Amino acid sequence: MQRVAVQPADQSARTERNAPRRAGRLRRGLVCAAAVPAVALFATACSSDSDSGAQGTGSSTGTGTVTSPTGDSTAASPTVQAAKYQKLPEPCAVLSKKTLTELVPKGVKSGKEGSSDDVATRNSCSWSSLDNNGVKGSQFRWLNISFLRFDSDANRGSGEKQAEAYYTSQLQDAQSVSGAKNTKSEPVTGAGDQATAVRYDLKKKEGAFKQQTVVARVANVVVTLDYNGAGLAGEKTPSADTLTKAAEKAAKEAVASVSTANGSGSAPSSPAATPSKSASKSPSASASPSKSSAKKS
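Each chain carries its own residue numbering, running from 1 in the direction its sequence is written. With the structure being a predicted model, the display of local features is reserved for residues of pLDDT at least 70 and the display and counting of side-chain atom pairs for 80 or more, all residues being used for whole-chain, interface and lining totals. Water and hydrogen atoms were dropped before computing side-chain values, which therefore reflect all heavy atoms in the structure.

## Concerning the sheet that holds strand β9 (residues 194-204)
Sheet strands line up and pair through hydrogen bonds in the backbone, either parallel or antiparallel.
Piece 1. When DSSP finds two or more bridges between two strands, those strands count as paired. Secondary structure elements follow DSSP: runs of H or I no shorter than four residues count as helices, runs of E no shorter than two count as strands, and numbering proceeds from the N terminus. Read across the sheet, seven strands follow the order β5-β6-β7-β11-β10-β9-β8 without closing on themselves; strand pairing throughout is antiparallel. Edge positions in the open sheet fall to β5 (112-113) and β8 (181-187), since each of these has one partner strand only.
Piece 2. Residues are treated as being in contact if the distance between any of their heavy atoms lies within 4.5 Å. Axes, fitted as lines to C-alpha atoms, cover a helix only where it is in contact. Angles between the N-to-C directions of the axes lie from 0 to 180 degrees. Docked against the sheet, helix α3 (residues 159-174) engages β7 (138-149), β9, β10 (207-218) and β11 (221-232), running at close to 165 degrees with respect to β10.
Piece 3. On top of the sheet, helix α4 (residues 240-261) reaches β7, β8, β9, β10 and β11; it is set at about 30 degrees to β10, its chief contact.

Rendered as structure tokens:
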């Protein structure tokens, strides 16, 4: 006889009651099992991003700014040494009365300041003298002193370097005047950082002119002094040596006035300078007083 296992009624009932619970646990297990790969992928992705960010000391934002690991941004900005002199002297007051009397005997009070759109960057003054001796002729003298100051600029460089370039161009202009004869150049001591005197003869319809040009540089300022003389209507031609000596003396006084105007040449405390408006107004090398002096005489 075959035995048939008969499940008690109460056990069968418990089995039926527990079936929904087991099914619920099974569904929750499947859901959790499916969620694990997603969590793992998310963790892996985060780890990958973190590793790539730690490859170097900083990352580029794509705008030229470097971001440090701490989140701070730093931008490289060029700096140049600040210009030593920030002011120019009053051009018509740079020479003593004694010196003016020596250079322009009849024109000490004839000083005329040149026009300028920025007197802190460029200025000038000129004097003229005519000693009329009647039928014996007359002695003519003309003097012009100009100042040009360069500001330091992040793009153009330091004021001193710009002044050096302009000094060279002024000197070349003075040495290459059209029609000049017997051109001679000589260094001048005691007139700033660089100074050269150029002299030559220039024949004009009024007479024979002796021209002297002294170009000097003191830090970021260039001083150009033009001085010429002539004997007119039969008066004898002045000595070139005498005129050159007087021009060099005046140039030294003009250079010294730059330091005086800036408080004995004290440099500003700021170690660097940013681009300035006045620097952009600096003239080109073609604006040379040495070339124009012969025309004005």
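## Description of the state of the cysteines
Put plainly, two cysteines are in a disulfide when a covalent bond ties their sulfur atoms together.
Piece 1. Any two cysteine sulfur atoms lying within 2.5 Å of each other are counted as a disulfide. A complete count under the given rule lists one disulfide for this structure.
Piece 2. With a sulfur-sulfur separation of 2.0 Å, Cys92 is cross-linked through a disulfide to Cys125. Residues Cys92 and Cys125 are joined through a disulfide that is right-handed, its torsion about the S-S bond being 100 degrees. Here Cys92 is found in the loop between β4 (80-81) and α2 (97-103), whereas its partner Cys125 is found in strand β6 (residues 122-132), with 33 residues between them in sequence.

## Remarks on the pairing of β6
Piece 1. The pairing of β5 with β6 spans two bridges and is antiparallel. Bridge pairing in β6 places Lys112 opposite Ser126.
Piece 2. The pairing of β6 with β7 spans 11 bridges and is classified as antiparallel. Paired with Ser126 across the strands is Asn144, a residue of β7.

## Thoughts on the pairing of β7
Piece 1. Note on classification: 1.4 Å probe, protein chains only; a residue is buried when its accessible area is under 20% of the maximum for its type, exposed when over 50%, partly exposed between these limits. Of all 12 residues making up β7, 12 are buried, and the element is well covered by its neighbours.
Piece 2. Judged by which residues are buried, β7 turns out to be covered on both faces: Ser138, Phe140, Trp142, Asn144, Ser146 and Leu148 on one side and Gln139, Arg141, Leu143, Ile145, Phe147 and Arg149 on the other are all buried.
Piece 3. Counting the residues between successive antiparallel strands, the hairpin from β6 to β7 contains five residues, one of them, Gly134, with a positive phi of roughly 65 degrees.
Piece 4. Judged from the 12 bridges that link them, β7 and β11 form a sheet pairing that is antiparallel.

## Considering the confidence of the model for the chain
Piece 1. Every residue is assigned a pLDDT by the predictor, reflecting its confidence on a scale from 0 to 100. Averaged over all residues, the pLDDT of the chain equals 76, while 62% of them reach at least 70.
Piece 2. Taken element by element, the chain is modelled with least confidence in helix α5 (residues 277-280), mean pLDDT 34, and with most confidence in α3, mean pLDDT 98.
Piece 3. When the criterion is pLDDT under 50, residues 1-16 qualifies, and its contacts beyond four places in sequence or with other chains add up to three contacts.
Piece 4. This stretch, residues 29-77, has a pLDDT under 50; its non-local contacts, to residues over four places away or in other chains, come to 18 contacts.

## Quick word on the pattern of salt bridges
Piece 1. Salt bridge, as applied in this entry: a Lys or Arg side-chain nitrogen positioned within 4 Å of an Asp or Glu carboxyl oxygen. Counting across every chain of the model gives eight salt bridges.
Piece 2. A salt bridge links Arg217 to Glu160, with the nearest nitrogen and oxygen atoms 3.7 Å apart. Taken together, the residues span a long stretch of sequence, with Arg217 in strand β10 and Glu160 in helix α3 at a distance of 57 residues.
Piece 3. The partner of Arg217 in a salt bridge is Asp193, with the nearest N and O atoms 3.7 Å apart. Of the two residues, Arg217 sits in strand β10 while Asp193 sits in the loop between β8 and β9, which places them 24 residues apart along the sequence.

## Remarks on the nonpolar core
Across soluble globular proteins, you tend to see nonpolar side chains buried next to one another.
Piece 1. For this analysis, a nonpolar core means a set of buried residues of the types Ala, Val, Leu, Ile, Met, Phe, Trp, Tyr and Cys, connected via side-chain atoms within 4.5 Å. Of all hydrophobic cores here, the largest spans 32 residues; its most connected members are Leu143, Ile145, Phe147, Val221, Val223, Leu225 and Tyr227.
Piece 2. Where this core is concerned, the elements lending two or more residues are α2, β6, β7, β9, β10, β11 and α4.
Piece 3. Among the elements that make up this core, the one with the highest residue count is α4 (eight residues).
Piece 4. Apart from residues no more than four positions distant in its own chain, Val221 is found in contact with Tyr85, Leu88, Phe147, Leu148, Arg149, Ala163, Ala216 and Val258.
Piece 5. In terms of nonpolar packing, the next biggest core, distinct from the first, is built from 13 residues, Leu148, Ala163, Tyr167 and Val215 among them.

## Comments concerning the packing of aromatic side chains
Piece 1. Between 30 and 60 degrees the pair is tilted, below 30 it is stacked and above 60 it is edge-to-face, where a pair is any two Phe, Tyr or Trp rings, Trp via its six-membered ring, whose centres lie within 6.5 Å. In total, this model carries two aromatic pairs according to the counting rule given.
Piece 2. Ring centres of Phe140 and Phe209 lie 6.2 Å apart, and the angle between their planes is 75 degrees; on these two criteria the pair is classed as edge-to-face. On the criterion of sequence distance, the pair formed by Phe140 in strand β7 and Phe209 in strand β10 is long-range, its members being 69 residues apart. As far as the burial class goes, Phe140 and Phe209 line up, both buried.
Piece 3. Residues Phe150 and Tyr166 carry aromatic rings whose centres are separated by 5.7 Å and whose planes lie at 55 degrees to one another, so their mutual orientation is tilted. Here Phe150, found in the loop between β7 and α3, pairs with Tyr166, found in helix α3; they are 16 residues apart in sequence, far enough to count as distant. Note on accessibility: Phe150 and Tyr166 belong to one class, buried.
Piece 4. Put simply, a charge is over a ring when the Lys NZ or the Arg CZ is close to the ring centre, within 6 Å, and near the line of the ring normal, within 35 degrees. Taking the ring centre of Phe209 as reference, the NZ or CZ of Lys204 above it sits at 5.1 Å.

## Side note on α3
Piece 1. Expected helix span is taken as 1.5 Å per residue step, with the number of steps being one fewer than the number of residues. Spanning 16 residues, α3 covers 22 Å between terminal C-alpha atoms, matching the ideal 22 Å at 1.5 Å per step.
Piece 2. For α3, the full list of buried residues reads Gly159, Gln162, Ala163, Tyr166, Tyr167, Ser169, Gln170, Leu171, Asp173 and Ala174.

## Some words on the layout of surface pockets
To locate leftover empty space, one rolls a probe as large as a water molecule over the atoms.
Piece 1. Here a cavity denotes grid points, spaced 1 Å and computed from the protein atoms alone, that fit a 1.4 Å probe unable to get out, and a pocket denotes an open set having protein on both sides within 12 Å along at least 5 of 7 lines; residues with an atom within 4 Å of a point are the lining. Grid points are joined across faces, edges and corners, and a volume is the space filled by probe spheres set on the points. Put simply, the second largest pocket is a space of about 200 Å³.
Piece 2. Surrounding the second largest pocket, 14 residues form its lining, Glu102, Arg141, Tyr227, Thr242 and Leu243 being those nearest its centre.
Piece 3. Only α2, β6, β7 and α4 provide two or more residues apiece to the lining of the second largest pocket.
Piece 4. Asp, Glu, Lys and Arg are counted as charged, while Ala, Val, Leu, Ile, Met, Phe, Trp, Tyr, Cys and Pro are counted as nonpolar; the rest, among them Gly, fall into the polar class. Along the lines of polarity and charge, the residues of the lining of the second largest pocket split into seven nonpolar, four polar and three charged.

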